Amino acid sequence: MKRAIYTRRLPAFVLGMLLCVLSAAAQGDALLTHYWAVPTYYNPAAAGDTDNIRLRGGMRMQWVGIDGAPKTFVGAADMPFRFIGKRFGTGIVVQQESMGLFRNLTVNAQIGYKFKALKGEFTAALQVGFFNEQFKGSEVYIPDDDDFHQSADDAIPNRDVAGNALDLGIGVYYVHKRFKAGLSLLHANNPTVTFSSEGENSSPGASTGASGETAKKYQFTAGRMAYFTAEGNIPIKNTLFEVIPSLLVRSDFSFTDVAVSGRVRYNKIFTAGIGYRYDDAVSIMLGAEVKGIFIGYSYDYHTSAVSRASSGSHEIFAGYNLKLDFSEKNRNKHKSIRIM
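Fair warning: this is a prediction, and the values are worked out from it, not measured in the lab. (Residues numbered from 1 in each chain as written. Predicted model: local features only at pLDDT ≥ 70, side-chain atom pairs only at ≥ 80, totals over all residues. Heavy atoms only, no water.)

> Please clarify how the packing of aromatic side chains should be interpreted in this entry.
Within a pair of aromatic rings, the relevant descriptors are the distance that separates the centres and the angle that separates the planes. Enumeration over the complete set of coordinates arrives at 14 aromatic pairs. Both rings, one in Tyr174 and one in Phe179, keep their centres 5.7 Å apart while their planes meet at 50 degrees; by these two values the pair is tilted. Taken together, Phe81, Phe83, Phe88, Tyr113, Phe115, Phe122, Tyr174 and Phe179 form an aromatic cluster joined through their ring pairs. The cationic tip of Arg56 hangs over the ring face of Phe294; the distance from NZ or CZ to the ring centre is 4.4 Å. We note Arg263 situated over the ring of Trp36; from NZ or CZ to the ring centre the distance is 3.6 Å. (Phe/Tyr/Trp six-rings, centres within 6.5 Å; stacked < 30°, edge-to-face > 60°. Lys NZ or Arg CZ within 6 Å of the ring centre and 35° of its normal.)

Here you go:
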């Protein structure tokens, strides 16, 4: 379904700005300001890119001040491991997002094979999971004087519907002592949820329910999305400072988004930085990592027309890192460290 949805909670001015977002509802991934903090969210091959058990979780509150604006929770865990003398990476990523009357949930498991080459380490990985989409059709409201939709539009469910689909992704990642970079394709199988107005998963087309009425069928799709990410680490000579530039490029092969950021870290503990998303927002970021505990905050000031109705977007992320020692002497010992 590729149509905008009116709700009782969205004023006309705000709705006008959200048409393109709601019309592509079920498109899946959030463009996080903290994209560098949860690399496995965008690339399954980033799993195990350090010698740590890495836990990350956070929330993005987008377009604060606009009713029905997107809210996204992301949780991720990953670690490296050895099997039959080879290095692997494994992880799990969970996302829950709400946007207007839409809700989606993705849960993905990741596995990657690592090998040394070009003075660094490559990882090739597969991601397998499921994609759940929900739409609260019982809360749809279309004014009688609307110029674009009829008050009884067959293309819009008038009751709550939900369904699931298999979700696949692939990726490759390279880690060098001074930088890391990766390519990935998420939702590679173009997962499509198909369900009826009675909330039952079914194949496309109409069918007759127990009541004798024809059940209406709807489809929601998480389109394929390609990502390129990169991050560097540049020590400033004779100081405790280092500069960490990073880049994310996202494309659905029709539209492309670009996000860049530059952070300065002091003594491997305190971090501050700025970011920019093309034609969208300017961001400020603050963070700290102490004894394996990570916490970060960011604020986005939007440069697009949405700034007329919103005070901006906020993110907060937290996490923990537990060092793994793969040596034979200390094979069962662990300690906490800070990571980049």
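The discussion continues.
> Help me out: how do you make sense of the environment of Tyr42 in this one?
Mapped onto the fold, Tyr42 is located in helix H2 (residues 39-42). Once the C-alpha coordinates of Tyr42 and Asp29 are considered, the two residues, 13 residues apart in sequence, prove to be 8.4 Å apart. Look past the residues within four positions of Tyr42 in its chain and what remains in contact with it is Ala30, Leu31, Leu32, Tyr35, Ser184, Leu186, Tyr227 and Leu248. (Helix = DSSP H or I, 4+ residues; strand = E, 2+ residues; numbered from the N terminus. Contact = heavy atoms within 4.5 Å.)

> Help me understand the nonpolar core in this model?
Burial of nonpolar side chains together is a common tendency in soluble globular proteins. Counting residues in hydrophobic clusters, the biggest one holds 20 residues, and the most contacted among them are Leu32, Tyr35, Trp36, Tyr41, Tyr42, Tyr227 and Leu248. Breaking this core down by element, the ones donating at least two residues are H2, strand S2 (71-83) and strand S12 (225-232). Not counting residues within four places of it along the chain, the set of residues in contact with Tyr227 comprises Asp29, Tyr42, Gly182, Leu183, Ser184, Leu186, Leu248, Val249 and Arg250. Among the nonpolar cores identified, the runner-up in size contains 14 residues, and Phe102, Phe131, Val193 and Ala222 belong to it. (Core = buried A, V, L, I, M, F, W, Y, C linked by side-chain atoms within 4.5 Å. Buried < 20%, exposed > 50% of the residue type's maximum accessible area, 1.4 Å probe, protein only.)

> Even after reading the chapter, I still don't get the confidence of the model for the chain, so can you show me in this structure?
Any residue range with low pLDDT should be treated as having predicted coordinates unsuitable for detailed reading. Per-residue confidence for the chain gives a mean pLDDT of 84; residues scoring 70 or more make up 78%. Throughout residues 1-26 the model reports pLDDT below 50, and contacts reaching past four residues in sequence, or to other chains, amount to 70 contacts. Counted against residues more than four places away or in other chains, residues 336-340, with its pLDDT under 50, gives 28 contacts. (pLDDT = per-residue confidence, 0-100.)

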